[in-house]
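One letter stands for each residue in the lines below.
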Amino acid sequence: MQGVQGADVQRTQDTQGAQDTAERLRAVRDEVADRFYERAEVVRTLLVALLAGQHSLLLGPPGTAKSEIARELTGRIDGAAYWEILLSKFTAPTRMFGPVDVAALARGEYRQVYEGRATTAHVAFIDEIFKCSTAALNETLGYLNERIYHPESGGQPIHCPLIGAITASNELPAGEDTAAIYDRLLVRIEVGYLADPSNFAELIRSAVSRPEPAARTTVDLAALQHAVAVEVPAVGVPDPVVDALCSLRAALRRKELVASDRRWRQAVGLLQASAYLDGRATVAERDLSVLTHVLWDSPAQRPTVEREVLHLVNPDAKEALDLADTLDELEAQLDALAGQSREVLSDWVIKQAHNRLATAGRRLEKLRAEATAAGRSTATVDRVTGRQRAVRARVLTEALGMDTATVQAQL
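What comes next concerns the included structure.

Definitions and cut-offs
- Residues numbered from 1 in each chain as written.
- Predicted model: local features only at pLDDT ≥ 70, side-chain atom pairs only at ≥ 80, totals over all residues.
- Heavy atoms only, no water.
- Helix = DSSP H or I, 4+ residues; strand = E, 2+ residues; numbered from the N terminus.
- Rg over C-alpha atoms; globule rule 2.2 N^0.38 Å.
- Buried < 20%, exposed > 50% of the residue type's maximum accessible area, 1.4 Å probe, protein only.
- Contact = heavy atoms within 4.5 Å.
- Phe/Tyr/Trp six-rings, centres within 6.5 Å; stacked < 30°, edge-to-face > 60°.
- Core = buried A, V, L, I, M, F, W, Y, C linked by side-chain atoms within 4.5 Å.
- Pairing = 2+ DSSP bridges.
- Axes fitted to C-alpha atoms, helices over the stretch in contact; angles between N-to-C directions.
- Patch = residues over 30% accessible without salt bridge, like charges linked within 9 Å, V, L, I, M, F, W, Y side chains within 5 Å.
- Areas by Shrake-Rupley, 256 points an atom, 1.4 Å probe, with all protein chains shown as cover.
- Salt bridge = Lys/Arg side-chain N within 4 Å of Asp/Glu carboxyl O.
- Lys, Arg positive; Asp, Glu negative; His and termini not counted.
- Charge placed at Lys NZ, Arg CZ, Asp CG, Glu CD.
- Expected span 1.5 Å × (residues − 1).
- Arc of directions from axis to C-beta.

In terms of regular secondary structure, the protein chain is built from 16 helices and nine strands. In terms of overall dimensions, the protein chain is globule-like: its C-alpha atoms have a radius of gyration of 24 Å, near the 22 Å expected for 411 residues. Dimensions of the protein chain, computed from C-alpha atoms along their principal axes, come out at roughly 80 × 65 × 50 Å. Burial analysis of the protein chain (411 residues in total) assigns 44% to the buried set.

Of note, Gln272 is situated in helix H11 (residues 261-277). In this view, Gln272 contacts Val232, Pro233, Val235, Val237 and Val283; residues no more than four positions away in its chain are not counted.

Here we take up the packing of aromatic side chains. Tallied over the full model, the rule gives five aromatic pairs. Residues Phe97 and Tyr149 carry aromatic rings whose centres are separated by 4.6 Å and whose planes lie at 10° to one another, so their mutual orientation is stacked. Of the two residues, Phe97 sits in helix H4 (residues 93-97) while Tyr149 sits in strand E5 (residues 148-149), which places them 52 residues apart along the sequence. Judged by relative accessible area, which is 0%, Phe97 ranks as buried. Seen from their ring centres, Tyr114 and Tyr149 are 6.2 Å apart, and the 75° between their planes marks the pair as edge-to-face. Highlighted residues: Tyr114 in the loop between helix H5 (102-106) and strand E4 (123-127) and Tyr149 in strand E5, separated in sequence by 35 residues. The exposure class assigned to Tyr114 is partly exposed, which follows from its relative accessible area of 22%. Owing to a relative accessible area of 0%, Tyr149 belongs among the buried residues under this scheme. Through successive ring pairs, a cluster of aromatic residues spans Trp83, Phe97, Tyr114, Tyr143 and Tyr149.

Take unusual backbone geometry next. Peptide bonds are trans in most cases, and residues, glycine excluded, mostly fall at negative phi. Backbone geometry at Ala65 places phi at a positive 70°, although glycine is not the residue there. By secondary structure assignment, the location of Ala65 is in the loop between strand E1 (56-59) and helix H3 (66-74). Despite not being glycine, Glu128 shows a phi value in the positive range, around 55°. By secondary structure assignment, the location of Glu128 is in the loop between E4 and helix H6 (134-146).

Let us look at the nonpolar core. Leu51, Trp83, Tyr143, Leu270, Leu291, Leu295 and Val395 are the most contacted members of the largest nonpolar core, which has 109 residues in total. With near-sequence residues (within four places) excluded, Leu295 lies in contact with Leu248, Leu252, Ala259, Trp264 and Val305.

Right, let's talk about the environment of Gly164 for a bit. With respect to the helices and strands, Gly164 occurs in strand E7 (residues 164-169). Residue Gly164 is classed as buried on the basis of its relative accessible area, which comes to 3%. Along the backbone, Gly164 and Arg387 are 223 residues apart, and their C-alpha atoms lie at a distance of 31 Å. Beyond its immediate sequence surroundings of up to four residues, Gly164 is in contact with Leu50, Gln54, His55, His122, Val123, Ala124 and Arg147.

What follows covers the sheet that holds strand E8 (residues 187-190). The five strands lie next to each other as E3-E4-E7-E1-E8, forming an open sheet whose pairing is parallel. The strands lining the two open edges of the sheet, one partner per strand, are strand E3 (82-86) and E8. Adjacent strand axes in the sheet meet at a mean angle of 15°, parallel and antiparallel pairs treated alike. Sheet topology places E1 next to E7; four bridges connect them, and they run parallel. The partner of Leu58 across the bridge, within E7, is Ala168.

This part takes up a negative patch on the surface. A contiguous patch of negative charge, built from Asp20, Glu23, Asp78 and Asp220, is present on the exposed surface. With respect to the element layout, Asp78 can be found in strand E2 (residues 77-78).

A separate point is the pattern of salt bridges. By the definition in use, this model includes 32 salt bridges. Its salt-bridge partner being Glu329, residue Arg356 comes within 3.3 Å of it at the nearest N-O pair. Within this pair, whereas Arg356 is found in helix H14 (residues 342-374), its partner Glu329 is found in helix H13 (residues 315-336), the two being separated by 27 residues in sequence. Classification of Glu329 by relative accessible area gives partly exposed; the value is 40%. Arg394 is the salt-bridge partner of Glu331, the closest N and O atoms lying 2.9 Å from each other. In this pair, Glu331 sits in helix H13 while Arg394 sits in helix H15 (residues 379-399), placing the two residues 63 residues apart along the sequence. Under the relative-accessibility criterion, Glu331 is labelled buried at 17%.

As a further point, take H13. Counting along an α-helix, one turn takes 3.6 residues, and residues three or four places apart therefore face a common direction. Counted at 1.5 Å a residue, the expected span for H13 with its 22 residues is 32 Å, and the 32 Å between its end C-alpha atoms agrees. Among all positions in H13, only Asp316, Ala317, Ala320, Leu321, Leu323, Ala324, Leu327, Leu330, Glu331 and Leu334 are buried. The arc enclosing the buried residues of H13, seen along the axis, measures out at 165°, which places them on a common side. Along its buried surface, H13 packs onto helix H12 (302-313), H14 and H15.

If you want it as C-alpha cells, here you go:
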C-alpha cells in the first residue's frame, strides 16, 4: 500500500512539475512576444520546436529581428550552455566544434578544445546556415541529425547535449549540398518587415525612449530537458488527430505537395509540444496549425499548405484567409495608384477601399467572437485582423494624407 501511495505522490509531483514548466514557458512566450511587434506566432512556434527537440529556420530579409528573437528566447534557459555562430563559405569545422589546443600541440599532442563550442551547447543559434562551408557540411549534418561530432583526430564520436538549434537565413539554399541541411530543419518560419504602420511608428519611438525593462521569466535547463525527454512524449495523440493527419496528407498530395514520411513522423512531436505548451495532456485538432510551418519546401507553397491545414481544423481561420486575399488586392491597387493625385486617391477610397475594409473588419470581429465561444484558436484571425489594420492605416496615410498619430488614434 505504501508503495502505491508513493507512486501516486510521485505522479502528482511530476504533474505539478510539468504544469509549472509549461506555465513558465507560456510566460516566456508572452514576454518575448511583447518585445517584438508582429512576432507572436514566430515566438510560439520556436518554443514548440524547442520543446519537440527539433531545429527551426527563420527565413527572411536582413533587419527582421531574427537573431534578436533567437537570443532572447535561448537566454531564458537558466543553466544552459549557449553557442552562436555566423557561418560563411570559409568557416572551418574546428571553429564550430573546437579549435586545436595549441599548448598541447607544442607538447606533441593533438587535441581540440570543446568548451564554448557547438559540442558543449544545449541551445544554439546558427546564422546564415546555408553558407555552411563544404568542409564543415558533413559535421554540421551529423551535429543536427544525431547530435554527434567526429573529432579531427579520429576516435569515438562525441555526443553533444544539444536540445535544439534555431537557424536563420536571408535566402533558401541554392545547391544540393546545403539542401541536405534544409531538409533537416523541420520548422520553417517566414519573417518579414513590419506591416502595420502604427507598429512601425512604435518601433521608431522605441529608438528614442527605451521602455522600462519588462518582467523576465526563465526556465531551468533541467526542467526543459525533462519536458523534452519525458513530458512532451507523454502527451496523448487521439485517433481523430491521426485521422486528420491522414486527410491532410491526402489533400496535399492532390495539390502535388509531398512531404517525406520522416517529416510527418517528426511533426507528431510538434503537435505534442504544442499541446504541452498550452497545458493540455492530449493533442487537439487545433494543434495542427503548427504544421503550416512544416509541410512546405518553398515559400510559394506555404499559402496552399496553410489553407489545407485550416480547412481541417479551423473554419474561422480559413474564412479569415479568404478575407486576407481581399486585403492583398486592395494593397495591390494602392501600390498601382502611387503617384496619382489626391483627388484620384480619395475617389478610390470612397468608392472601393473604405467599404471593403470596413466589411472585412466587421467580419473579422465576428469570426473572432465565434472562435472564442467555440474554444478555437484565434491566432490566424488575429493575424489577418492585424493585416486589415495595416492596410487601413496605409490607405489613411498614403491615400488620404492623414498623419500617423491621428491614424493610430482612430485605429
